[in-house]
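Topology and contacts: notes
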Amino acid sequence: MAFLKYADDAAIRVKITELFEYRKLTALLHMSGLDADPVFVGQLHDLQFQIYQLDAYLESQWILDPKILALRWASMHDALSVFYPSKKKQEKLFREIRVYEAIEKGMRKDCWPTRVSFKKFYTTKSCDVRLIRMLIYAAAPSLKKSWPVNAWVYYDRITEINDDICDVPEDLLTYNGNRFLISILRKSISRSHQLYNRYLQKVTRAAQRYFSKAGKHPNTEQLYVWTMTRADETEALLRARMTEIEPEIYAQSVLLEHMQ
């Protein structure tokens, strides 16, 4: 049986605040001046709260109830409707979340996230953050002059990898589609370290190439520093995970009984 990752709604709210800080959404709100609008910020938080509610359900239940899923999605649509009343527009904006949900559901059919490429998985996994960021940019278009939307691609992938590596201990007891943990369970610790280290270096080099051509705007340079800092942190965390968790602990994963 899986456990709930969040003890209550207050714990989810704390997680949202941490997410906004870590993924620099708070910085975007501050730079745009939108942080002075508590209603707008609250609406963003409410949308993320409903997305986390969907995540929490997927992580806590192996057998999914379509009615509960429908209720979760209805709540997400309600939260997004304050920005875009059109159901068609809402569904378009939720498209990637649908894709990520399908990856999580796929585990129930013995189709594991390790079958999805690093790039596709970690790009898709950042869909909620990119949706929130898009809403901020839509409310403050001038942000694009300082931080082009594409400039966040590398930061997003690196921080999503970091999240998977960081969350291994707690995800052992949930049905979370943690690609790193599932890689360890299906490929071995050493092989997973090798594959993740290789991909992390690949993303870091791609970021270096991108920012070397992006000009010398102070905000662009700041995003480059943030990206490289997160890359260094993630590389160090990956090394630590290889030694600080005893191999037998992975046998506690609730996913193992569902793997063929």
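Our subject in this report is the structure included herewith. (Residues numbered from 1 in each chain as written. Predicted model: local features only at pLDDT ≥ 70, side-chain atom pairs only at ≥ 80, totals over all residues. Heavy atoms only, no water.)

1. Topic: the overall build of the chain
Here is the rule: Secondary structure follows DSSP: runs of H or I at least 4 residues long count as helices, runs of E at least 2 residues long count as strands, and numbering of each begins at the N terminus. Throughout, radius of gyration means the C-alpha value; the globule benchmark is 2.2 Å times the number of residues raised to the power 0.38. Any two residues having at least one pair of non-hydrogen atoms within 4.5 Å are treated as being in contact.
Regarding its fold elements, the chain presents 14 helices and zero strands. Traced from its N-terminal end to its C-terminal end, the chain shows the element sequence α-α-α-α-α-α-α-α-α-α-α-α-α-α. For the chain, the C-alpha radius of gyration of 19 Å lies close to 18 Å, the compact-globule estimate for 260 residues. In terms of principal-axis extent, the alpha carbons of the chain reach across some 50 × 45 × 30 Å. Here the analysis covers contacts within the chain between residues at least 6 apart in sequence; of these, 77% occur between residues at least 24 apart.

2. Some details on the pattern of salt bridges
For clarity, the cut-off: A side-chain nitrogen of Lys or Arg and a carboxyl oxygen of Asp or Glu constitute a salt bridge if their distance falls within 4 Å. Exposed residues in this analysis have more than 50% of their type's maximum accessible area, buried residues have under 20%, and partly exposed residues fall in between, with area computed by a 1.4 Å probe over protein chains only.
Applying the stated criterion across every chain, the model contains twelve salt bridges. The partner of arginine 133 in a salt bridge is aspartate 156, with the nearest N and O atoms 2.8 Å apart. One end of the pair, arginine 133, is in helix 8 (residues 127-139); the other, aspartate 156, is in helix 10 (residues 153-166), with 23 residues separating them in the sequence. For arginine 133, a relative accessible area of 3% gives the class buried. Among the residues examined, aspartate 156 registers a relative accessible area of 2% and is labelled buried. One salt-bridge network, held together by shared partners, links Arg23, Lys125, Arg133, Asp156, Glu160 and Asp164.

3. What about the nonpolar core?
Short version of the rule: Grouping buried Ala, Val, Leu, Ile, Met, Phe, Trp, Tyr and Cys residues that are joined through side-chain atoms within 4.5 Å yields what is termed a nonpolar core.
Within the largest apolar cluster, 82 residues are counted, with the highest numbers of intra-cluster contacts made by Leu44, Leu47, Ile97, Ile136 and Phe180. When residues in this core are grouped by element, the largest group, ten residues, is from helix 3 (residues 38-60). Excluding anything up to four places from it in sequence, leucine 44 contacts Phe20, Leu29, Phe83, Ile132, Leu135 and Ile136.

4. Digging into helix 2 (residues 25-32)
In plain terms, the rule: What the arc describes is the spread of directions from the helix axis to the C-beta atoms.
Buried residues of helix 2: Leu25, Leu28 and Leu29, and no others. The arc that holds the buried residues of helix 2, viewed along the axis, is 100 degrees, so those residues lie on one side. Tucked inside the fold, the buried residues of helix 2 contact helix 1 (9-22), helix 3, helix 8 and helix 9 (143-146). Once helix 2 finishes, glycine 33 follows within two positions and takes phi at roughly 85 degrees, a positive value.

5. A look at the packing of helix 7 (residues 118-125) against helix 8
Short version of the rule: Structural elements are reduced to axes, namely lines fitted to C-alpha atoms, with helices fitted over the stretch in contact, and the angle between N-to-C directions of any two is expressed from 0 to 180 degrees. We call two directions roughly parallel when the angle between them is under 35 degrees, roughly antiparallel when it is over 145, roughly perpendicular when it lies between 65 and 115, and oblique otherwise. Throughout, the ten residues Ala, Val, Leu, Ile, Met, Phe, Trp, Tyr, Cys and Pro are labelled nonpolar, Asp, Glu, Lys and Arg are labelled charged, and all others, Gly among them, are labelled polar.
With their axes 5 Å apart at the nearest point, helix 7 and helix 8 run at an angle of 50 degrees to one another. In terms of orientation, helix 7 lies oblique with respect to helix 8. Contacts from Thr123, Thr124 and Lys125 of helix 7 reach helix 8 at Cys127, Asp128 and Arg130. Looking at the contact of helix 7 with helix 8, its residues break down into one nonpolar, two polar and three charged.

6. Here we look at the packing of helix 2 against helix 8
At a closest axis distance of 10 Å, the pairing of helix 2 and helix 8 adopts a crossing angle of 0 degrees. In this view, helix 2 runs roughly parallel relative to helix 8, as classed from their interaxial angle. Across the interface between the two elements, Leu25, Leu28 and Leu29 of helix 2 pack against Val129, Ile132, Arg133, Ile136 and Tyr137 of helix 8. A class-by-class count of the residues in the contact of helix 2 with helix 8 yields seven nonpolar, no polar and one charged.

7. Section: the side chain of asparagine 178
To be explicit about the condition: For this analysis, a polar contact is any N or O atom pair within 3.5 Å, provided that within protein one partner can donate a hydrogen and the other can accept it, and provided that sequence-adjacent residues contribute only side-chain to side-chain pairs.
If you trace the backbone, asparagine 178 turns up in the loop between helix 11 (168-171) and helix 12 (179-187). A relative accessible area of 0% places asparagine 178 in the buried class. A polar atom in the side chain of asparagine 178 sits 3.0 Å from the backbone nitrogen of leucine 181. Residues in contact with asparagine 178, not counting those within four places in the same chain, are Asp164, Asp167, Val168 and Asp171.

8. Quick notes on the packing of aromatic side chains
Our working definition: Note on aromatic contacts: the rings of Phe and Tyr and the six-membered ring of Trp form a pair at centre separations within 6.5 Å, being stacked when their planes are under 30 degrees apart, edge-to-face when over 60 apart, and tilted otherwise. Either the NZ atom of lysine or the CZ atom of arginine qualifies as a charge over a ring when it sits within 6 Å of the ring centre and within 35 degrees of the ring normal.
Taken as a whole and assessed by the stated rule, the structure comprises 18 aromatic pairs. Ring geometry for phenylalanine 118 versus tyrosine 199: centroids 4.8 Å apart, planes at 15 degrees, classification stacked. Taken together, the residues span a long stretch of sequence, with phenylalanine 118 in helix 7 and tyrosine 199 in helix 13 (residues 189-212) at a distance of 81 residues. Pairwise contacts between aromatic rings join Tyr100, Phe118, Phe121, Tyr122, Phe180, Tyr196 and Tyr199 into one cluster. The ring centre of tryptophan 73 lies 3.6 Å from the NZ or CZ of arginine 98, which sits over that ring.

9. Some remarks on unusual backbone geometry
Of note in the backbone geometry, aspartate 110 takes a positive phi value of approximately 65 degrees without being a glycine. By relative accessible area, which is 16% here, aspartate 110 ends up buried. The phi dihedral of serine 188 is positive, around 105 degrees, even though this residue is not glycine. For serine 188, the position within the fold is in the loop between helix 12 and helix 13.

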